[in-house]
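# Survey of secondary and tertiary structure
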Amino acid sequence: MSNSQWKRWMACVLLLSIVICELMSGSGIRSQARHKQEADVFEEQAEEPTMEPTAVPTAEPTEVPTATPVPTPLTKYVLVNPDAKYYKGGQKGIRYKKISGEKIYHLTSYTTDTVKLTMSHASTYQIYGGGSKKEVTGKTVTVSSSGVVRCRKKKEGQAIYTIIQAKSKLTGEVQYIYINFKKNLTCRNGKRLSLYEKKSQTLSFNYGKKNLKFSIKNKKVATVNKKGQVTAKKKGTTYLTVKVRDSEKNEIKIRIVVKEEPWLVNDKNKVYDYNDMTADLRRLVHKYPGKAGLSSLGKSYDGRDIWCLRIGSAYAGKRLVIDAAIHGREWKNTQILMRQAEEILREYNEHKDRFRNVCLYLIPMDNPDGVTISQYGYQGIRNKKLQKKVKKIGHFRRWKNNARGVNLNNNFPAGFSVKKKKKPDYATYPGKKAGSEKETKALMKFIQKIKPNTVLNLHSTGSILYWDFAVDEALHNRQYQLAKKINSYNHYRMMPRNGSTEERGGFADWLVYEKKIPSVTIETGSVMCPLPHSQYPSIYKKNNKMFRWFMLQY
């Protein structure tokens, strides 16, 4: 081996030794550039004349010093909760240990919810201030070692305020956190709501409706809208949950019980008399204030009121009238009309727009004395002189006339005629002159005052309609259209022109011939009067839709 080859071989051995030493010492592999530089230096040194070495020196492993760790700077001591605000003052409700002159953190929650405080350093916590010293010492609010804050003692609807002191375990720094715990949700209507079917009630809360979320368990029993209005559907029980939108647990449950609404007008009552009607009328007006009104058109000869029930606004432009029992023995129609009135009032809220423009006037008993005689005989009359007259005439059960023995439906100034009949009786006597009776005068005065658009007269019996009066074409056409519509519901026969539509002093005669007001006479029932109660279900069923159409759509 030549001298130059020897030198190169030794350089390679030396370089390999250095690499092995570095690997063994854990210092890692140096860059190729540095290795090359060391090899070049060795070669330059090797080119200088040297004595041949007798042995190859073994490289000793060198010890690499351990790096000194650089201390990490501490983060600033702050509250990390994203919804926290940092400013001076604003500590509503704090009357014990209020923080003055420095910024503190502000949080908002609810007395039903917990608040988890997250500080940038490991911390210790304690209740510092509150609404009073008693609240603080009595532990109205507590905070755990992990920073969980909760209200332990609270009254319903009470807001609670507290200040928490947080202290860094690393630096000893202190931060204060003010928390406004808003009151728990309450319903001013209570936690149980009882409603009748088809009725609605709007609930009231101590929070605005926009901040609340409503959900109901069984929508077949009741429903609720965004305004907190609960509407009963059918009999049963369900639960309404009301929750504050941005809260975890601030919610209440309200039990809703839906019942069948009891009727005021008893359709099981076989004898529906003046006192029953009067009591029911007063109850209806009391139950539906602002929707119904009651007035007396005048008094009968025995001192009974001729009641008129108003449904809707008295200032409405359209006025409709239904009257019944102008003949005493036809009192079953009074009960039917009263039940229809209650049905409409129960649904009044569904038809508010209708009753702003239309007013219904119902006169359920034109002839209260005659009804009383038909039901109770002459003993039902309180006036001794009238009682004696009625007793003398007899035929009490079939009595049609008033307490003076005058047929009111022949007493109007429309073809009035005394003819041969000159004495009071139970059925046909028209009176001494047209409009002579108190009841007749009361009805005429009422019609002239309100000027109704249309009048329906309820009579019995026969299940027929009288409509075909001898009037001009325009009015006759209105009569026909009205009768035809009524017939489409109850299928009562539309009678052709006959003696019942001639001018003979009848109420309908006066309305159509003298006042030019459309009027149809509806004869209910199919047997002789007074109608037995067994006729009631059939009459009600056949005429229910007709009455609803007239009251709500005509």
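Bear in mind that the values here come from a model prediction, so they are computed numbers and not experimental data.

Looking only at helices and strands, one finds 12 helices and 23 strands in the protein chain. A burial count over the protein chain gives 47% of its 554 residues as buried. Long-range contacts, defined as pairs at least 24 residues apart, comprise 70% of the intrachain contacts of the protein chain with a sequence gap of at least 6. Accessible area for the protein chain stands at about 29800 Å²; split by element, carbon and sulfur atoms hold 51% of it.

Looking now at the sheet that holds strand 20 (residues 454-460). Strands sit in the order 16-17-19-18-20-23-21-22 across an open sheet of eight strands; the sheet is mixed. The sheet is open, and its two borders are formed by strand 16 (292-299) and strand 22 (493-494), each paired with just one other strand. Where strand 18 (residues 318-324) and strand 20 come together, five bridges link them in parallel fashion. Directly across from I322, in strand 20, lies its bridge partner L456.

Under the definition given, this model contains 17 aromatic pairs. Pairing Y378 with F396 gives two aromatic rings, centres 5.6 Å apart and planes at 50°, and the pair type is tilted. With Y378 in the loop between helix 7 (368-376) and helix 8 (384-393) and F396 in the loop between helix 8 and helix 9 (438-450), this pair connects stretches of sequence that are 18 residues apart. Through pairs of rings, three or more aromatic residues link up here, namely Y489, W549, F550 and Y554. The ring of W263 carries the charged tip of R339 above its face, separated from the ring centre by 3.7 Å.

Here R339 is to be found in helix 5 (residues 332-346). For R339, the contacting residues outside a window of four places in its chain are W263, V265, N266, D267, Y536 and Y540.

Attention now goes to the confidence of the model for the protein chain. Per-residue pLDDT for the protein chain has a mean of 90; in total, 86% of the residues score no lower than 70. Here residues 23-59 scores under 50 on pLDDT; set against residues more than four positions off or in separate chains, the count is 29 contacts.

Time to look at the nonpolar core. One finds I311, I322, L456, I486, V520, I522 and M551 to be the most contacted residues of the largest nonpolar core, which totals 50 residues. Per-element accounting of this core gives the leading share, nine residues, to helix 12 (residues 536-552). Filtering out sequence-adjacent residues up to four positions away, V520 remains in contact with V455, L456, N457, L465, Y466, W467, Q479, L482, A483 and I486. C308, L408, I447 and L511 belong to the second largest nonpolar core, which has 23 residues in total.

Residues three or four positions apart in an α-helix share a direction because the helix packs 3.6 residues into each turn. In this model helix 5 runs 22 Å from its N-terminal to its C-terminal C-alpha over 15 residues, within 8% of the 21 Å that 1.5 Å per residue would give. Of all 15 residues in helix 5, 15 are buried; the element is thus mostly enclosed.

The next subject is the side chain of Q335. Looking at the secondary structure, you find Q335 in helix 5. Exposure remark for Q335: the relative accessible area of 0% places this residue in the buried category. A distance of 2.9 Å separates the side chain of Q335 from the side chain of K332, its partner in a polar contact. Contact partners of Q335, with chain neighbours within four places excluded, come to V265, N266, D267, K268, N269, Y272, H533 and Y536.

Moving on to a positive patch on the surface. Together, K134, K139, R152, K153 and K155 make up a positively charged patch on the protein surface. Within the element layout of this structure, K155 appears in the loop between strand 6 (148-151) and strand 7 (160-168).

Another point: the layout of surface pockets. Its volume calculated, the largest pocket comes out at about 800 Å³. Lining the largest pocket we find 35 residues, and of these H327, N407, N409, N410 and R504 sit closest to its centre. Partitioning the lining of the largest pocket into residue classes produces 10 nonpolar, 15 polar and 10 charged.

So, on to the pattern of salt bridges. Scanning all chains against the criterion turns up 16 salt bridges. Where R356 meets D353, a salt bridge forms, and the shortest distance between an N and an O atom there is 2.2 Å. Highlighted residues: R356 and D353, both in helix 6 (residues 352-357), separated by three residues, approximately one helical turn. Accessibility assignment for this pair places R356 and D353 in one class, exposed. Notably, a salt bridge pairs D468 with R497, separated by 3.3 Å at the nearest N-O pair. In this pair, D468 is assigned in the loop between strand 21 (464-466) and helix 10 (473-490) and R497 in the loop between strand 22 and helix 11 (507-514), connecting sequence segments 29 residues apart.

With that out of the way, let us pick up the environment of V358. Along the chain, the position of V358 falls in strand 19 (residues 358-363). Measuring from C-alpha to C-alpha, the distance between V358 and A316 comes to 5.2 Å, with 42 residues separating the pair along the chain. Not counting chain neighbours up to four residues away, the residues in contact with V358 comprise I311, G312, S313, A316, K318 and L320.

Once that is clear, we can look at the sheet that holds strand 3 (residues 115-116). Across the sheet, three strands lie side by side as 3-6-5; this open sheet has antiparallel pairing. With partners counted over all chains shown, the strands left at the sheet margins are strand 3 and strand 5 (141-143), one partner each. Summarising the sheet, strand 5 and strand 6 pair through three bridges and their orientation is antiparallel. Paired with T142 across the strands is R150, a residue of strand 6.

The N-to-C vectors of helix 10 and helix 12 enclose an angle of 140°; their axes lie 7 Å apart at closest approach. For the element pair helix 10 / helix 12, the angle class is oblique. Judged by the twist between their axes, the crossing of helix 10 over helix 12 is right-handed. The segment helix 10 lies against helix 12, with L482, K485, I486, Y489 and N490 engaging K542, N543, K545, M546 and W549. Of the residues that constitute the contact of helix 10 with helix 12, the class distribution is five nonpolar, two polar and three charged.

Take empty space enclosed by the protein next. Evaluated as defined, the whole model comprises one cavity of 30 Å³ or more. The computed volume of the largest cavity comes to approximately 30 Å³. Lining the largest cavity we find I127, G129, G130, E135, V136, T140, V141, Y161 and T162. For the lining of the largest cavity, the secondary structure elements donating two or more residues are strand 4 (123-130), helix 3 (133-137) and strand 7. Looking at the lining of the largest cavity residue by residue, the classes come out as four nonpolar, four polar and one charged.

This next bit is on unusual backbone geometry. Of note, the bond from C529 into P530 is cis; its omega dihedral lies within 30 degrees of zero at 0°. Note that P530 resides in the loop between strand 23 (519-524) and helix 12. Not every positive phi belongs to a glycine, and H395 is a case in point at roughly 55°. Mapped onto the fold, H395 is located in the loop between helix 8 and helix 9. Here H491, not a glycine, exhibits a phi torsion of approximately 60°, which is positive. Position of H491 among the secondary structure elements: in the loop between helix 10 and strand 22.

About the criteria used
Residues numbered from 1 in each chain as written. Predicted model: local features only at pLDDT ≥ 70, side-chain atom pairs only at ≥ 80, totals over all residues. Heavy atoms only, no water. Helix = DSSP H or I, 4+ residues; strand = E, 2+ residues; numbered from the N terminus. Buried < 20%, exposed > 50% of the residue type's maximum accessible area, 1.4 Å probe, protein only. Contact = heavy atoms within 4.5 Å. Areas by Shrake-Rupley, 256 points an atom, 1.4 Å probe, with all protein chains shown as cover. Pairing = 2+ DSSP bridges. Phe/Tyr/Trp six-rings, centres within 6.5 Å; stacked < 30°, edge-to-face > 60°. Lys NZ or Arg CZ within 6 Å of the ring centre and 35° of its normal. pLDDT = per-residue confidence, 0-100. Core = buried A, V, L, I, M, F, W, Y, C linked by side-chain atoms within 4.5 Å. Expected span 1.5 Å × (residues − 1). Polar contact = N/O pair within 3.5 Å; in protein donor to acceptor, adjacent residues only side chain to side chain. Patch = residues over 30% accessible without salt bridge, like charges linked within 9 Å, V, L, I, M, F, W, Y side chains within 5 Å. Salt bridge = Lys/Arg side-chain N within 4 Å of Asp/Glu carboxyl O. Lys, Arg positive; Asp, Glu negative; His and termini not counted. Charge placed at Lys NZ, Arg CZ, Asp CG, Glu CD. 1 Å grid on protein atoms, 1.4 Å probe; cavity = no way out; pocket = protein on both sides within 12 Å on 5 of 7 lines; lining within 4 Å. Points joined across faces, edges and corners; volume = space filled by probe spheres on them. Nonpolar A, V, L, I, M, F, W, Y, C, P; charged D, E, K, R; others polar. Axes fitted to C-alpha atoms, helices over the stretch in contact; angles between N-to-C directions. Parallel < 35°, antiparallel > 145°, perpendicular 65-115°, else oblique. Left-handed = near helix turned anticlockwise from the far one by under 90°.

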